[in-house]
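# Geometric and topological summary
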Amino acid sequence: MKHLDKPTAAKGPFEQTRRSFLKGSAALAATGLVLDGARSPARAFAYEPYYTDDELETVVTSCAHNCGSRHMLVAHKKGDVIVRLSTDTGEYQGDARGTDTEEKPQLRACLRGRSYRARLYSAERLLYPMKRVGKRGEGKFKRISWDQALSEIAERMVYIRDKYGPQALVDQSYAGASYGVLHKSDQIEGLLGRFLGMFGCRTSSWSVPSYQGTTFSSRITFGTIEDGNEDDAFAHSKLIIMWGWNPAYTFHGGNTFYYMRLAKQRGCKFVLVDPQYTDSAAAYDAWWIPIRPNTDAAMMAGMAYHIWDNDWHDQEFIDRFVQGMDEGTMPDWAKGQESFKDYILGKSDGQPKTPEWASEICGVPAEDIKKLAEMYATTKPAALKASWAPGRNAYGEQYNRMAAALQAMTGNIGILGGCAEGVGKGWHAEAVAYPYDQWANVWYASIKSDRWAHIVLNYPNVTREEAGLWPRNDQWDGVVPNIRGIFWQGSDWFNQLTNINKEIAAIRKLEAEGDKESLFVCMDSTITPTGIWADYLLPIATHFERHDVALPWYKGHYYIHRPKVIEPMGESKTDFQVFTELAYRLGFGPAYNPRATRDYFWNPDPVDEAYLKAWWEEKVMHHQHVTWSWEEFKKRGVYKFVFDEPHVAFRDQIEKGVPFQTPSGKIEIFSTTLAQITDWTKTQYGYPIPAIPKWIEPWESLNSPKTEKFPFHMVSPHPRWRTHSIFNNIPWLRETFSQELTMNASDAKKLGIRTGDTVEVYNDRGTCVVPVYVTERCMPGVVVLHEGAWMDLAEDGTDRSGNPDFLTLDEPSPAGAFAYNTVLCDVRKTDRAHRPGWDQLATARSAVFRRDY
Ligand SMILES: Nc1nc2c(c(=O)[nH]1)N[C@H]1C(S)=C(S)[C@@H](COP(=O)(O)OP(=O)(O)OC[C@H]3O[C@@H](n4cnc5c(=O)[nH]c(N)nc54)[C@H](O)[C@@H]3O)O[C@H]1N2
Ligand SMILES: Nc1nc2c(c(=O)[nH]1)N[C@H]1C(S)=C(S)[C@@H](COP(=O)(O)OP(=O)(O)OC[C@H]3O[C@@H](n4cnc5c(=O)[nH]c(N)nc54)[C@H](O)[C@@H]3O)O[C@H]1N2
Ligand code: SF4
Ligand SMILES: [Mo]
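Here the structure is a predicted model, which means the values were calculated and not measured.

### Points about the UniProt feature "domain: 4Fe-4S Mo/W bis-MGD-type" (unreviewed entry) in the protein chain
In the numbering adopted here, UniProt assigns the feature "domain: 4Fe-4S Mo/W bis-MGD-type" (unreviewed entry) to residues 56–124. Across residues 56–124 one finds 13% helix and 28% strand; the C-alpha atoms that close the span lie 27 Å apart.

### Description of unusual backbone geometry
A cis amide bond, omega -5°, links Lys380 with the succeeding residue Pro381. One can find Pro381 in the loop between helix H13 (366–378) and strand E12 (382–386). Here the residue pair Glu421 and Gly422 is connected by a cis peptide bond, since its omega of -5° sits within 30 degrees of zero. Assignment of secondary structure puts Gly422 in the loop between helix H14 (396–409) and strand E13 (445–447). Phi is positive for Phe727, close to 80°, though the residue is something other than glycine. Along the polypeptide, Phe727 turns up in the loop between strand E21 (712–715) and helix H25 (731–734).

### Here we look at the packing of helix H4 (residues 146–164) against helix H5 (residues 191–199)
Where H4 meets H5, the axes come as close as 11 Å, and the angle between the chain directions of the two elements is 55°. When the axis of H4 is compared with that of H5, the two are oblique. Mapping the contact onto sequence places Met157, Val158 and Arg161 in H4 and Phe195, Leu196 and Phe199 in H5. Considering only residue class, the contact of H4 with H5 consists of five nonpolar, no polar and one charged.

### Some details on the pairing of strand E2 (residues 72–78)
Extensive coverage of E2 is indicated by the burial of six of its seven residues. In this structure, strand E1 (residues 57–62) lies alongside E2, joined through six bridges in antiparallel fashion. Each residue of the ladder has a partner; that of Ser62, found in E2, is Met72. With five bridges joining them, E2 and strand E3 (residues 81–86) adopt antiparallel strand pairing. Paired with Val74 across the strands is Ser86, a residue of E3.

### Looking at the nonpolar core
The biggest cluster of nonpolar side chains holds 64 residues, and the ones touching the most others in it are Trp452, Trp488, Val761 and Val827. Taken domain by domain, the makeup of this core includes at least three residues from each of domain 1 (213–427 + 649–677) and domain 2 (705–844). Ignoring sequence-local partners within four residues, the contact set of Trp452 consists of Gln172, Ile447, Ile483, Ile486, Phe494, Leu497, Glu503, Ala506, Ile507 and Phe520. Judged by nonpolar contacts, the second largest core, of 62 residues, contains Met299, Met330, Ala382 and Ala404.

### What to know about helix H18 (residues 500–511)
Helix length check: H18 (12 residues) gives 16 Å between terminal C-alpha atoms against 16 Å at 1.5 Å per residue, within 8%. Those residues of H18 lying buried are Ile500, Glu503, Ile504, Ala506, Ile507, Leu510 and Glu511. Down the axis of H18, the buried side of the element spans an arc of 160°, and every buried residue falls inside it.

### Let's talk about the site of ligand 2
Of all residues adjacent to ligand 2, which total 38 residues, the nearest are Phe251, Asp274, Asp296, Ser387 and Arg392. In this structure, a nitrogen atom belonging to ligand 2 sits 2.8 Å away from a main-chain N or O atom of Tyr249. At a separation of 2.9 Å, an oxygen atom of ligand 2 approaches a polar side-chain atom of His252. Protein contact buries 100% of the 920 Å² of open area that ligand 2 shows by itself. Residues of the shell around ligand 2, tallied by class, amount to 15 nonpolar, 16 polar and seven charged. Residue-level mapping places the shell around ligand 2 at the junction of two domains, with at least three residues from each of domain 1 (213–427 + 649–677) and domain 2 (705–844).

Cut-offs applied
Residues numbered from 1 in each chain as written. Chains lettered and ligands numbered in written order. Predicted model: local features only at pLDDT ≥ 70, side-chain atom pairs only at ≥ 80, totals over all residues. Heavy atoms only, no water. UniProt positions renumbered as here; feature names shortened; annotations may be inferred. Helix = DSSP H or I, 4+ residues; strand = E, 2+ residues; numbered from the N terminus. Axes fitted to C-alpha atoms, helices over the stretch in contact; angles between N-to-C directions. Parallel < 35°, antiparallel > 145°, perpendicular 65-115°, else oblique. Contact = heavy atoms within 4.5 Å. Nonpolar A, V, L, I, M, F, W, Y, C, P; charged D, E, K, R; others polar. Buried < 20%, exposed > 50% of the residue type's maximum accessible area, 1.4 Å probe, protein only. Pairing = 2+ DSSP bridges. Core = buried A, V, L, I, M, F, W, Y, C linked by side-chain atoms within 4.5 Å. Domains from an automatic or database assignment. Expected span 1.5 Å × (residues − 1). Arc of directions from axis to C-beta. Near = heavy atom within 4 Å. Polar contact = N/O pair within 3.5 Å; in protein donor to acceptor, adjacent residues only side chain to side chain. Areas by Shrake-Rupley, 256 points an atom, 1.4 Å probe, with all protein chains shown as cover.

Written out as structure tokens, the structure reads:
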């Protein structure tokens, strides 16, 4: 059903009649649900008999969002209602039901994916365009028409661009929808970037919250972020070191756990280096090495020392493939400069980086550092999987570069069962089906992503290095943007970036100048904590309500068809529809969406089909030699590539001598690019970065004097029961886990705290309220609070949801890493109520059964 009538020649597209509007409203009222009663006979209520499968239509699709994987969902629907969701059974590609092999594993959804119906039909679903009527953040909105929303937004955009220049609007598109080929949200290639770029007013955000330090390391060291093996390669490792990696919770690929289990069955040993003993460690009986957060680079330096001290390094590999590991591999033009080995042995600074030296910093006994160094250097092949969390830290880039040095000195790169990750992108997917042109996705300033509030609050007294401005060759080089608004598309960044109180101050500052002078637009399928701060909320159709193809998330080699399973709910439209219609209103519609006419706002299906078909035929069939036609793919719903052997990054470099994509063609432990920079203030980094990996003291840690005031180090990993903030409002999932602060039993005892008590976690930047879980599985001095809780502000500015980003700092590392895990805080018992969600949580079972710890 279309809730607004298709335009006729006589009427403009947005002049809907009163009759057609009433028709839509009446249908909604009749069902008592947001679904359309006339077209949807299904009722999934508990007391009615469930439909059997042969009464339902089965549609293969996928789960979607930035969750660490991409699994199959199979929708079983009656009319226009999804009644049930199931997942891969192995049969959809055309194989026998139950097919599940090492080469072609099933893509089975996790708990989040299987609860997607609850999200699709949730009370928070955004169904109509809304306009703010209260103050920003107050949460008061009224329903308006698409016509009103789009014309007001277009008018304000023009006013702001003309008055404040082409840098005034910030593009905060992020990965919420990045894993479709057509309906994409993305910082660089995304639909919003194209829209604001062509409009001529865009400040982009260049640093990635997930892994900017890691990206920097991968690019500097290997010249690419495609430094990942496919996960089936793990099955061939003899030692897997999970460094700040908890794949049982934090997905990094869909079948990782399965392949690691195969490794275990084949005798692989497991180690975990992490402040908490995780479920991954328990599952594989790993040796747990608790480490002080943000000290990993020091421990790795200690390992490197011990490896050299015992001659366990692979000198042949180093000589052939590595630049700057030692004196002999320094480039001619840099002879005499400090090599990595010089640094480790203390030749230049007089401080050998011995295990004893490292132990003082990281808190791991020197004997354990030595033991792990020996295990890693003498077991082959060994996978040191240096995950991203320890790089989501002050100077996090040094941790990843140090890990790369260990991987290289032991010759574990380019071999099956080894590991060079890094970012770890594996197989190369064909990722873009819509027009992506660099000339269109232009920007006039590009800032470190968590600096927008700082820039607003201090404008114009902001230096280019504080903002992290990317250099340009024109008059905009070094010009700090006068930021006047944000478009949030596929991001909940007001809730997810650092130092939320600073963001609130910035948005208030702009608000005080009057409504016309700024513009905050949130495009999402649900009402989100970010949306509460917006002026306009635009309802976006979910991936069940539009046509697309799903890509794997960094690991995995398959495509999953995502047909339109149901009609868009309420008045929702796709992002592409909204941008196209806005582009028409602003005068560049045909250029923005070349395959469409203005009718696209009402009828996107043929155009979407044409983009996808062309993508399949030109890219997948032509470049990737897939023989299935587009029609065949659509019929099956999934295409799984089968390889003769696991994909291993850099195999060709090692086996065939293909050069690495670095300036020297080698693995650059000594970076050609960094060594040649003379004026750091003119780079996007702003501050110096050494040419070789080094331990650099972070601005706060358990070693710093600030612990006198704030004795705990907080880390905020990713939750198993949410994807960042997504699913926070799903009661089914919240019955399995609750937001809680994990704390060591000895610390809890000192503070008189027991499991289930509510505490305030606080520092100079903010305070949040959350229940405590007391355990021996977290090291003393460290507290753990998962990211993504939906902020719930009290009048005094305290967050009652337990969102760690009220405590994080918005100062990125020089290479751009968000320092999410570099946070000192204190904890005190409180009588205040924790508010786990905007609805009330009736039965948090985990809290109930843990109460008598
Ligand atoms: N303290 C702390 N904070 C962190 C982190 C941490 O480790 N610690 N991790 C950080 C990391 S790595 C990340 S990636 C960020 C994630 O931060 P965000 O990207 O802000 O997180 P999500 O909750 O995934 O929000 C994505 C939003 O996109 C919406 N969405 C999904 N599909 C579509 C679509 O097709 N169109 C539109 N318009 N919207 C869509 C979803 O409904 C959701 O609201 O969080 C960061 N925040
Ligand atoms: N279930 C689920 N899976 C996800 C996501 C999600 O939201 N939910 N998000 C996806 C996204 S966008 C991303 S970026 C990735 C993130 O993937 P990761 O960065 O790998 O994951 P995290 O959960 O942040 O942290 C993993 C482990 O690092 C530990 N850790 C934290 N700080 C330190 C430190 O300083 N040193 C050491 N040694 N360990 C430390 C934590 O205790 C935790 O056990 O996950 C992806 N997968
Ligand atoms: S891991 Fe991600 S893609 Fe897979 S089912 Fe869970 S939420 Fe969906
Ligand atoms: Mo991320």
